[in-house]
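Descriptive analysis of the structure
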Amino acid sequence: MSLPKAYDPKAVEDSIYTMWEESGAFTADAHSTKESFTISMPPPNATGQLHLGHAVMLALEDIFIRYQRMRGKEALWVPGTDHAAIATESVVIKQLQKEGMRDPRKELGREKLVAKIAEFVGKSQNSIRSQIRKMGASCDWSRERYTMDPILNRCVNEVFVKMYADELIYRGHRIVNWDPKMQTTVSDDEIEYVEQKAPYYTFQYGPFQISTARPETKFGDKYVVMHPDDERYKQYKDGDTFVAEWINGPVTATVIKDKDAIDPSFGTGVMTITPWHDHVDFDLAERHGLQKEQIIGFDGKLLPIAGEFEGLSIEKARPQVVEKLKQKGLLVKVDENYVHRVAVSYRGKGIVEPQIKEQWFIDVNKPVVPWKRKKLSLKQIMQEVIRTKLISIIPERFEKVYFHWIDNLRDWCISRQIWWGHRIPVWYKKTDRAADMHVGVLPPKGEGWEQDSDTLDTWFSSGLWTWSTLVDPSLAESYDLSLDDLFKKSPDFQKFHPTQVMETGYDILFFWVARMILMTTYATGDIPFETVYLHGLIRTRDGKKMSKSDPETMIDPLDIIPKYGADALRLSMIVGQSPGADSRLYEEKIAGYRNFINKLWNASRFVLMQCDQAKTDPRTLTELPDSDTLSLADRAILHATEVLIEDVTKALEDYQLSDAGSRLYSFVWDYFCDWYLELSKGGANLSVLVHVLRRILTLLHPYCPFMTEEVWASVQPEGAGLLIAEDWPEVKAKQKDPGAFREFQILVDVITAIRKMRSEQNIEQGKNVHTIVYTKVYTKLMEKQAEHIKRLARVGELTIEKQPEKLPNVVSEFLPDIEVHLSLEGLIDVEKERASLAKEKEHLEKIIHSTEQRLQNQDFVTRAPAAVVEAEKEKVRTMKEKVGKIEERFNSLGV
RNA sequence: GGGCAAUUAGCUCAGCUGGUUAGAGCGCCACAUUGACAUUGUGGAGGUCACUGGUUCGAGUCCAGUAUUGCCCACCA
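Residues numbered from 1 in each chain as written. Chains lettered and ligands numbered in written order. Predicted model: local features only at pLDDT ≥ 70, side-chain atom pairs only at ≥ 80, totals over all residues. Heavy atoms only, no water.

Before going further, it helps to spend a moment on empty space enclosed by the protein. As enumerated under the stated definition, the model contains four cavities of 30 Å³ or more in all. Lining the largest cavity are Gly220, Asp221, Lys222, Tyr223, Ile273, Thr274, Pro275, Gln291, Lys292, Glu293 and Ile295. In terms of residue class, the lining of the largest cavity is built from four nonpolar, three polar and four charged. (1 Å grid on protein atoms, 1.4 Å probe; cavity = no way out; pocket = protein on both sides within 12 Å on 5 of 7 lines; lining within 4 Å. Points joined across faces, edges and corners; volume = space filled by probe spheres on them. Nonpolar A, V, L, I, M, F, W, Y, C, P; charged D, E, K, R; others polar.)

Our focus in this paragraph is the sheet that holds strand S9 (residues 208-212). One open sheet accounts for three strands, arranged S9-S8-S14; its pairing is antiparallel. Pairing within the sheet leaves two strands with one partner each, and these edge strands are S9 and strand S14 (331-335). Each adjacent strand pair in this sheet contributes to an overall mean axis angle of 20°, direction not counted. One ladder, built from five bridges, connects strand S8 (residues 200-205) with S9; its direction is antiparallel. (Pairing = 2+ DSSP bridges. Helix = DSSP H or I, 4+ residues; strand = E, 2+ residues; numbered from the N terminus. Axes fitted to C-alpha atoms, helices over the stretch in contact; angles between N-to-C directions.)

At 3.6 residues per turn, the α-helix brings residues three or four places apart onto the same side. Among the 10 residues that make up helix H8 (residues 378-387), eight are buried, leaving the element largely enclosed by the rest of the structure. One or two positions beyond H8, positive phi appears at Lys389, with a value near 65°. (Buried < 20%, exposed > 50% of the residue type's maximum accessible area, 1.4 Å probe, protein only.)

Two elements, strand S10 (residues 223-226) and strand S12 (residues 249-257), share four bridges in a ladder whose sense is parallel. Bridge pairing in S12 places Val224 opposite Val255. Sheet analysis places strand S11 (residues 241-246) next to S12, joined by six bridges and oriented antiparallel. In the strand pairing of S12, Val243 is matched with Thr252.

Of note, Lys357 is situated in strand S16 (residues 353-362). It turns out Lys357 is buried and unbridged, and the closest side chain with the opposite charge, Asp454, is 6.3 Å from it. Apart from the residues within four sequence positions on either side, Lys357 is in contact with Gly172, His173, Arg174, Val176, Trp178 and Phe298. (Lys, Arg positive; Asp, Glu negative; His and termini not counted. Salt bridge = Lys/Arg side-chain N within 4 Å of Asp/Glu carboxyl O. Contact = heavy atoms within 4.5 Å.)

On to the sheet that holds strand S5 (residues 169-179), then. With respect to topology, four strands assemble into an open sheet ordered S6-S5-S16-S20, the strand pairing being antiparallel. Pairing within the sheet leaves two strands with one partner each, and these edge strands are strand S6 (184-186) and strand S20 (412-413). Across three bridges, S5 lies against S6 in antiparallel orientation. Following the sheet pairing, Asn177 is matched in S6 by Val186. This element, helix H6 (residues 279-288), spans S5 and S16 of the sheet and lies at about 145° to S5.

Turning next to the packing of helix H3 (residues 85-98) against helix H4 (residues 104-134). Two elements in contact, H3 and H4, have axes separated by 10 Å at closest approach and are oriented at 115°. With respect to H4, the axis of H3 lies roughly perpendicular. In terms of crossing hand, the pair formed by H3 and H4 is right-handed. In this structure, H3 uses Thr88, Glu89, Val91, Val92, Ile93, Gln95, Leu96 and Gln97 to contact H4, whose residues at the interface are Pro104, Arg105, Leu108, Leu113, Lys116, Ile117, Phe120 and Val121. For the contact of H3 with H4, the class distribution of residues is 10 nonpolar, three polar and three charged. (Parallel < 35°, antiparallel > 145°, perpendicular 65-115°, else oblique. Left-handed = near helix turned anticlockwise from the far one by under 90°.)

This part is about the nonpolar core. Counting residues in hydrophobic clusters, the biggest one holds 109 residues, and the most contacted among them are Met573, Phe672 and Tyr703. One finds Met163, Leu378, Tyr402 and Trp412 within the second-largest nonpolar core, a separate group that totals 69 residues. (Core = buried A, V, L, I, M, F, W, Y, C linked by side-chain atoms within 4.5 Å.)

A few words on unusual backbone geometry. Note the cis peptide between Ile394 and Pro395, where omega equals -5°. As for its placement among the helices and strands, Pro395 is situated in the loop between strand S19 (392-394) and helix H9 (397-407). In this chain, His497 is followed by Pro498 through a cis amide linkage whose omega measures 0°. Residue position: Pro498 is located in the loop between helix H13 (491-496) and strand S26 (499-505). Positioned with a positive phi, Glu167 is a non-glycine residue whose angle comes to about 60°. The residue Glu167 is located in the loop between helix H5 (150-165) and S5 in this model. For Lys389, which is not glycine, the phi dihedral falls at a positive 65°.

This part covers the pattern of salt bridges. All chains considered together, the criterion is met by 38 salt bridges. In this structure, the salt-bridge partner of Asp140 is Arg143, at a minimum N-O distance of 2.5 Å. Here Asp737 ties to Arg635 by a salt bridge, and the two come within 3.6 Å at their closest N and O atoms. Of this pair, Asp737 sits in the loop between helix H21 (705-715) and helix H22 (738-759) while Arg635 sits in helix H18 (residues 632-653); the two residues are 102 residues apart in sequence, bridging distant segments of the chain. Among the ionic contacts, a cluster of salt bridges with common partners joins Arg214, Glu216, Arg318 and Glu353.

Attention now moves to the confidence of the model for chain A. Taken residue by residue, chain A gives an average pLDDT of 82. The fraction at 70 or more is 82%. No element of chain A has a lower mean pLDDT than strand S31 (residues 799-800), which averages 26, and none a higher one than strand S2 (residues 74-78), which averages 98. Low confidence marks residues 758-830, where pLDDT is under 50. Its contacts with residues over four positions away, or in another chain, come to 118 contacts. (pLDDT = per-residue confidence, 0-100.)

Right, let's get into helix H16 (residues 566-574). Counting buried residues in H16 gives nine out of nine residues, a clear majority hidden from the surface. What H16 keeps buried is the set Ala566, Asp567, Ala568, Leu569, Arg570, Leu571, Ser572, Met573 and Ile574. Phi turns positive one or two residues past the end of H16, at Gly576, with a value near 90°.

Okay, structure coming up:
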């Protein structure tokens with residue numbers, strides 16, 4: 001039984017993963033009687049490679065799921081991929097363009113392009129699958145789903161139809177964000193703003209002056225809006241009309257008074273509006289029932305309304321329009337330093353132009369959804385489930401952000417003019433579009449029906465992810481079943497929904513998490529998950545976002561794993577990261593955790609060698625000896641191990657993954673390796689040694705599944721199976737021994753003190769520390785380990801001239817009853833010692849005083865929990881005792 | 001403009017409901033090493049806890065303000 005000298009992840013990880021997979025440990029049983037624990041893996045976009053964002057997600061979720069599996073839950077982790085509508089389509093189109101195709105949409109047509117995209121998706125799904133495996137993710141591959149699977153498509157259609165029937169989905173002419181480059185609408189969340197310096201013009205418009213950065217949109221402006229209380233314009237009344245000379249001749253304009261849209265202190269306090277191309281103006285126009293006119297076409301070029309400018313792009317038209325107005329003497333001034341923000345598409349980076357278009361929307365304000373015996377709007381349900389804590393968000397502060405987002409939520413435009421995605425389940429009869437419309441899961445019977453050419457926003461299908469993945473795929477074509485029937489006939493849905501944890505990046509709280517809550521509460525009448533755990537972004541060493549364009553700081557998990565191992569990568573991302581906060585990652589950090597893993601690997605080797613020397617098979621060691629036959633070090637580490645189990649379990653229950661991880665790290669390195677194994681060199685109890693090692697491996701397994709599983713094979717108790725299927729340890733009160741632990745700590749302190757003495761500079765001939773401290777420690781505490789203290793401390797030849805300052809405190813504190821300090825007495829600087837004692841006494845008395853004061857406070861005594869009051873009283877007692885001792889010692893020093 | 005967060009050692013970060021001398025990892029310096037482990041061990045240097053006030057016997061921790069940084073939301077004609 002021997003392990004290689006250094007842990008080599010490359011050599012073992014893949015085969016261990018296969019072993020897990022073949023053992024069936026990943027596969028959950030829908031008919032099990034165990035309590036279920038489900039996580040839906042946020043499906044990576046099927047567009048390419050896994051990056052660190054995925055890696056951190058996989059690491060966190062794998063820890064959750066492995067922990068719960070070991071706790072004895074029926075643990076299910078559903079993997080999958082997302083078709084990522086617009087993202088994928090634009091990637092493939094770009095690729096085809098690179099290959100020489102000018103306009104793939106036109107050249108290929110719908111069917112062929114969709115086939116191309118599907119082919120591309122197939123390839124990248126394969127690479128994603130293998131990458132997820134590389135991370136050690138213990139997900140249930142037998143339940144892998146894809147957002148375009150037939151059953152998921154079925155669910156999408158069912159929900160659409162249901163929402164349509166409930167009048168939550170409607171079709172209307174509304175203002176949307178139009179991406180002329182991709183020729184599609186994009187959602188509010190898919191827009192980002194880029195700051196741009198653009199000239200800011202002020203023009204004369206009839207009797208008013210108006211300002212704009214976009215004169216090319218102003219052709220159709222025929223309303224001027226002002227605040228009703230604005231003194232400057234009180235002679236104008238709402239509805240007044242006037243004629244103004246404008247770009248292409250005179251126009252008749254109407255005065256509108258509106259108190260919400262206008263800030264009188266800004267600029268001239270007057271504006272004209274362009275309802276067709278501005279969200280705010282659109283709302284205003286709707287409020288006042290104003291006319292709207294399209295100025296810019298869907299191709300981004302000006303329409304006939306622009307007169308001589310028709311057909312020009314915005315960029316070209318702007319200077320020309322300005323020039324014309326200038327010549328007419330209508331240009332009042334130009335501010336060249338104006339900075340405004342331009343909306344660009346998150347995906348295609350094209351400039352987004354608001355447009356009015358006929359689109360499909362989800363109404364978020366209509367109170368028609370039954371929820372716990374009330375009728376609520378989707379917005380209200382989204383608020384309700386968080387407010388009532390049916391769903392809790394970690395960290396909590398994101399709840400505020402979430403509420404704020406909902407307050408500003410407008411109806412959700414769900415139709416997209418792209419081809420890749422779930423096609424809208426609506427059919428029109430060619431002859432009379434408006435009159436003959438069919439909304440249904442299946443196409444209507446009869447001739448002449450044509451399906452809506454639009455597809456659904458990708459978040460529509462992602463919003464169903466937690467449950468559409470659990471509906472039985474074999475029912476995809478059982479069209480006689482309703483949505484509720486589908487739920488009832490799906491064992492997975494019955495067993496595993498709602499899920500327990502949704503773990504994802506805070507950057508898609510709105511995109512996705514909120515939409516899942518919306519769609520799931522509506523469709524299933526239940527929440528999609530109980531807890532939302534939001535992780536932060538992984539940044540570079542300098543706190544910048546990692547990007548492919550900067551290979552210096554870019555960390556690719558696929559490079560890291562072969563080099564340092566998946567375990568090291570996992571630890572380096574988890575320890576030191578708190579939920580909702582960004583963290584930094586760089587190679588040295590990963591190397592540090594690789595060292596840790598190697599350290600434990602070697603510690604395990606050492607344990608195995610000890611067993612080997614004693615001709616004992618570690619696997620036969622299953623019983624712990626009675627505690628009174630054990631050495632102090634053994635009893636101490638057994639105690640510490642139990643406390644470790646307690647701490648780690650509690651931290652994991654509270655989703656404090658970083659805490660649990662660093663607790664394990666320091667236990668293994670600082671305590672198990674540096675102290676316990678060192679001391680055990682003088683004669684270890686193998687049962688204890690192996691027991692503690694097993695505990696460590698078990699507790700660490702969720703974090704470092706590969707290495708722990710590999711070592712486990714050598715030390716597992718007879719009859720045990722894989723570590724992945726091992727039970728999480730229970731705390732055993734019997735093995736706790738705080739007394740032994742404290743005593744051991746004393747020993748550690750004494751040894752440390754001796755080490756310090758050794759390193760003191762001015763050591764000369766004189767007293768022999770060895771004889772003073774070591775003999776006492778030897779006889780009193782550590783009979784078995786005496787030789788090793790000697791070895792550790794290396795005090796054999798050590799002699800001192802002067803007493804180092806820290807030693808007497810340590811020794812006198814812990815070994816007050818022996819002649820240690822008497823022997824040392826002559827070496828002590830009496831004045832210094834007295835001064836430090838006085839200081840300590842003063843300090844203690846202060847605390848005693850304040851605590852006593854608090855105890856006299858009736859408020860405190862009656863309101864605080866009894867245990868706290870007791871603890872305070874106990875504190876006073878022990879501190880008084882301490883003061884007594886200090887006084888005693890102080891007096892004994894006074895000569 | 002509104003909101004959220006952060007500011008602790010050269011770097012990356014812990015520090016829970018206030019309580020003895022503020023911790024860790026990396027880096028740095030010195031020493032050690034035929035030993036489970038150089039992917040190692042021991043020791044050391046290095047911090048006015050951003051600043052100013054306040055509450056308290058006691059503040060890195062609580063409160064108020066200031067500064068700097070980051071993020072989110074809304075956007076201005």
